[in-house]
Amino acid sequence: MEEEPKQPGLEDCLKLLRGDRDEQRLAGLLLATKFCKGDDKASVMRVYEAVGPRFLHRLLKTGTGTGTAGAEDREAYLRLSITVLAGFCRVPEIASSRDMVSKVPLVLDVMPNISDLSLLEESYEFLLLVAMASEDGVIALHESGAMKVFATQVSTLPDGSQSMEFFMRILQLMLTKLPLDVIFIKYKIELSCMVGIIARQFALLHNALKFDALHLLTTLLSSEHSEALYDVVKSTSGDVWATYVRVGVIAVLRNRVASSEKLQALTLAESMLIIFSGSWLLEQNSLPDVPDSLPADRCLLLVLESSRIEVAVLLNYIASLKYGTSTSSSTTAESIFLEQKKLVVSYSLIERIIKLISDLYGAEENPINESTSTKVIAGLNETIGLVLDFLQDAKDHGEKKGNDLLASVRIIGSYLAESPLACKEKVSDLLEYMLSVEGEDEPSPFYSICFLLPMLCQITIEVPGRKALASFGGHKSVIACFVKLIELPQMVQDIGTIFLACDTIMNLLLHRDDIQAQLHESQFIPLLEALASWTVENEDPAITTMASSLCSLIFDLTSQDALLSYTSFKFSVFEKLSRLIIRSLDAFTQEGMSVDDKEHDLLQIVAAEYSSWADRYPLIKQAVEGGQPAFNTCDGW
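All chains use their own residue numbering, which begins from 1 and follows the written sequence. This being a predicted model, a pLDDT of at least 70 is required before a residue's local features are given, and a value of 80 or more before pairs of side-chain atoms are given or counted; all residues contribute to the totals for chains, interfaces and linings. No hydrogens and no water enter the side-chain calculation; it runs on all heavy atoms of the structure.

By the naming in an unreviewed UniProt entry, the protein is Neurochondrin, taken from Acorus calamus.

Below is the structure:
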């Protein structure tokens, strides 16, 4: 019986690699591919040391077309060199070497011309192994234009393929190791091209790669630098990718997955709502490669329910960290901070759903049926109740400072702006406390009052609301908020919030008989000064009429002598406000003056209140009725 021919071993391979002629070395490399595919790192290292970096470099250069070989030989050399490089780099010590890092630009240069999928896969594997081995590898990818190569080529990679997996892992490494602010600005076009492909993987795949796609999309769309991508990705990627993301989010939220993955899906959903608004939750575009279409409200209900569960769990955990016993205060503070960041995502989603439901209410075409609306509102009521309980717990522990508390007040304000009578008893009990809540870096309450202004404006239309607010001097908080709104340059643009504060104060002043004992002229001195500052260089009729009507109502609480007796109240402020009143009275008496209904109503208030207090303000009365200027022309009037 004849013996089978002996298979060449490692020593035969090494002998060929150490040969004098290139033909011997090429034969050795062909043989080496067998050893480079195994897990025997020691053997791979011996092969690498035997072949040497110079021959590898010459072979790759020949394969990339810079050598003298013909076209057919070049392709064979390229395939052999990349196969061997990928095999060598499975040993991290080799992958991190300067020799391998230097090959990155050469491989990237040739990748756009590779059509063979198996060779392309090995190219991506080589780049991944080098990037994983050292930061120098990641930097080499960045400096060699990897982003541009990936953007043009990733669409040719098969869904769920090994090449696709290698690409996504490389991209995640680059986004982790490189400065995102630079990457997002320099490569926003390239990244926007990749988003659609990654979104497709997120929707279609049902393996671990699905979660790799989720993590990538979250990094691309939910980081602090992602805003640079939003407009570009909307304009260059069409709408299909948004549908893929929605399909993927639904799949994650409706299945049993780790809580961390669900949180990532919710974070991604929040970014999609920032980009596309609440309508993203309800759109139902059909996709040929997604077999089963889901009801239009499925995404809405899943996101809401998942967010509600997160809120319930997080509030309970944060409360236990804050008010329970802990062995390490520093560990507790860090844990609280991490949980607060998670809470912000769920709160944001719930707030956006509140706005969506509000916008759809009464719309001609409402994609949400009555049953879904009932479920949503019931869920929101329950969650708002839990948030109020969380605030009650904080109040009972004497705590009023914290970003989690401020965020809780914000979501309460968002919901009560649409449903001011919800949880009426709890809200009434906590109103004074909520107006006192401060953010972590706030020296005094401000944003909490801003968040509650829409609700305060509504409840003070009725007697119980006015009495509730004034019972603890809540109107002073609103006045302080208004004063700060006027003082902050960036807030001047937020005219809606300013007018909400004005309307709330006006509701109290117009019906001051309900709460007369609780209003005093001294409380309104800061408001009068702010009104003067607000209108001194502003000729907007809406601002002028609002300010003059408020001023006129405050004047009716007191007298000229009483106001001027306060050392803190300057005569120049009184002069400016008096001229404001006179100007509004002139406008009211002018026929044919163009004003809208609200401005006309406010001018009527000025005229009616003037009749009530004119005798107490002789300087203003002289100017109005005597036809003589009671004030010198100054201060811009």
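Student: Describe the packing of aromatic side chains, listing the residues and the values that go with them.
Tutor: For Phe, Tyr and Trp, where Trp contributes only its six-membered ring, two rings pair if their centres lie within 6.5 Å, and the inter-plane angle classes them as stacked under 30 degrees, edge-to-face over 60, or tilted in between. Taken as a whole and judged by the stated rule, the model has 14 aromatic pairs. Here the aromatic rings of Phe555 and Tyr617 are separated by 4.7 Å at their centres, their planes lie at 20°, and the arrangement is stacked. You can see Phe555 sitting in helix α28 (residues 541–555) and its partner Tyr617 sitting in the loop between α31 (597–613) and α32 (618–625), a full 62 residues away along the chain. Per residue, the accessibility class of Phe555 equals that of Tyr617, and both read buried. Ring geometry for Phe574 against Tyr617: centres 6.3 Å apart, planes inclined by 20°, an arrangement best described as stacked. Of this pair, Phe574 sits in helix α30 (residues 571–589) while Tyr617 sits in the loop between α31 and α32, and the two are 43 residues apart along the sequence. Taking NZ or CZ as reference, Lys210 lies 5.5 Å from the ring centre of Phe202, over its face. Secondary structure elements are defined from DSSP: runs of H or I of at least 4 residues count as helices, runs of E of at least 2 residues count as strands, and each element is numbered from the N terminus. Working definition: with a 1.4 Å probe on protein chains only, accessible area under 20% of the residue-type maximum means buried, over 50% means exposed, and in between means partly exposed. Charge-over-ring placement is defined geometrically: NZ (Lys) or CZ (Arg) within 6 Å of the ring centre, and within 35 degrees of the ring normal.

Student: Residue-level account of the pattern of salt bridges, with values.
Tutor: The rule for a salt bridge is simple: a side-chain nitrogen of Lys or Arg has to be within 4 Å of a carboxyl oxygen of Asp or Glu. Throughout the structure, instances matching the rule amount to 20 salt bridges. The salt bridge involving Glu609 is made with Arg512; its shortest N-O contact spans 3.0 Å. Linking Glu609 in helix α31 with Arg512 in the loop between α26 (495–510) and α27 (525–535), this pair joins segments that are 97 residues apart in sequence. Residue class for Glu609 comes out buried when judged on its relative accessible area of 13%. What makes Arg512 buried here is its relative accessible area of 14%.

Student: Describe the layout of surface pockets, with residues and values.
Tutor: To find leftover empty space, a probe the size of one water molecule is rolled over the atoms. The pocket and cavity definitions rest on a 1 Å grid over protein atoms only: a 1.4 Å probe that fits but cannot leave marks a cavity, an open set with protein on both sides within 12 Å along at least five of seven lines marks a pocket, and residues lining either have an atom within 4 Å of a point. Grid points are joined across faces, edges and corners, and a volume is the space filled by probe spheres set on the points. Here the largest pocket defines a volume of roughly 1,100 Å³. The wall of the largest pocket is formed by 44 residues, among which Ser348, Glu351, Arg352, Arg410 and Ser414 lie closest to the centre. Counting residues per element, the ones that place at least two in the lining of the largest pocket are α14 (208–222), α17 (259–276), α19 (329–360), α21 (403–418), α23 (447–459) and α26. No other element matches the 14 residues that α19 contributes to the lining of the largest pocket. Classifying every residue of the lining of the largest pocket gives 21 nonpolar, 13 polar and 10 charged. Each residue is assigned to one class: nonpolar for Ala, Val, Leu, Ile, Met, Phe, Trp, Tyr, Cys and Pro, charged for Asp, Glu, Lys and Arg, and polar for all the others, Gly among them.

Student: Could you give an account of the nonpolar core, with specific residues and numbers?
Tutor: Within soluble globular proteins, side chains that are nonpolar tend to cluster in buried spots. Here, nonpolar core refers to any group of buried Ala, Val, Leu, Ile, Met, Phe, Trp, Tyr and Cys residues whose side-chain atoms link them within 4.5 Å. Judged by nonpolar contacts, the single largest core of 209 residues is most densely connected at Phe167, Trp280, Trp534 and Phe555. With residues up to four places along the chain from it excluded, the contact list for Phe555 reads Leu528, Leu563, Phe574, Leu577, Ile581, Trp613, Arg616, Tyr617 and Ile620. Whether two residues are in contact is decided by their heavy atoms: any pair within 4.5 Å suffices.

Student: So what about the side chain of Ser348? Which residues, and what values?
Tutor: Topologically, Ser348 is positioned in helix α19. Looking at Ser348, the relative accessible area reads 13%, which means it is buried. By the criterion applied in these results, polar contacts are pairs of N or O atoms within 3.5 Å in which, for protein atoms, one can donate a hydrogen and the other can accept it, and in which residues neighboring in sequence qualify only through two side-chain atoms. Within the local environment of Ser348, its side chain forms a polar contact with the side chain of Glu270, the two groups lying 2.9 Å apart.

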